[in-house]
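Below, each chain spelled out in residue letters.
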Amino acid sequence: MRSLNDIADEYEFLEGDERYRLLIELGRELEPMPDALKTDATLVRGCSAAVWVYPTGDAGALHFLADSNAAITKGIVALVIAAVQDRPASEVATMDVTHALEPFDLKNQLSSNRTQGVPNMIALVKEHAARIAAG
């Protein structure tokens, strides 16, 4: 997975439909999430599309699997995951993920339908991280 900084550098030079294409590409690059993990327990609430997030790894290097049934939403969840992937759980639990995503200006770039679930994605990732960090 590309780093969030690398993605932001590329995103900055794109406009309109090219940004959508990049988000779709990022979603395609996500590590596959087995269907068995796409359960009610891993479903992110409040998203217009179905989004699943599942933590793996340990407190030292938290790793997430994620998926969505909508291409652009899957790209958005890929951005969220890129911000936190393989970092210590304690760092992710206290990280300002919203701030990390500011270069993408998602609220102004995408419809409110597509971005309404972003705070819930971030909250779920941080909740998982806090639980894992606490042991």
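Residues numbered from 1 in each chain as written. Predicted model: local features only at pLDDT ≥ 70, side-chain atom pairs only at ≥ 80, totals over all residues. Heavy atoms only, no water.

Trainee: Before we move on, could you go through the nonpolar core and cite the residues and values that matter?
Mentor: Val 53, Leu 79, Leu 101 and Phe 104 are the most contacted members of the largest nonpolar core, which has 41 residues in total. Counting residues per element, this core draws most heavily on helix α3 (residues 71-84), which supplies 10 residues. Contact partners of Leu 101, with chain neighbours within four places excluded, come to Leu 4, Leu 79, Val 80, Val 118 and Ile 122. (Core = buried A, V, L, I, M, F, W, Y, C linked by side-chain atoms within 4.5 Å. Buried < 20%, exposed > 50% of the residue type's maximum accessible area, 1.4 Å probe, protein only. Helix = DSSP H or I, 4+ residues; strand = E, 2+ residues; numbered from the N terminus. Contact = heavy atoms within 4.5 Å.)

Trainee: Tell me about the packing of aromatic side chains, residues and numbers included.
Mentor: Per the stated rule, a full pass over the model turns up one aromatic pair. Both rings, one in Tyr 11 and one in Phe 104, keep their centres 5.0 Å apart while their planes meet at 65°; by these two values the pair is edge-to-face. With Tyr 11 in helix α1 (residues 4-12) and Phe 104 in the loop between α5 (97-100) and α6 (106-109), this residue pair connects regions lying 93 residues apart in the sequence. Neither Tyr 11 nor Phe 104 differs from the other in exposure class; each is buried. (Phe/Tyr/Trp six-rings, centres within 6.5 Å; stacked < 30°, edge-to-face > 60°.)

Trainee: Talk me through unusual backbone geometry; I want residue IDs and the actual numbers.
Mentor: Positive phi outside glycine occurs at Asp 86, with the angle close to 65°. Checked against the element boundaries, Asp 86 lands in the loop between α3 and α4 (89-94). On the accessibility criterion, Asp 86 (47% relative accessible area) is partly exposed. The backbone of Asp 105 shows a phi angle near 45°, a positive value even though the residue is not glycine.

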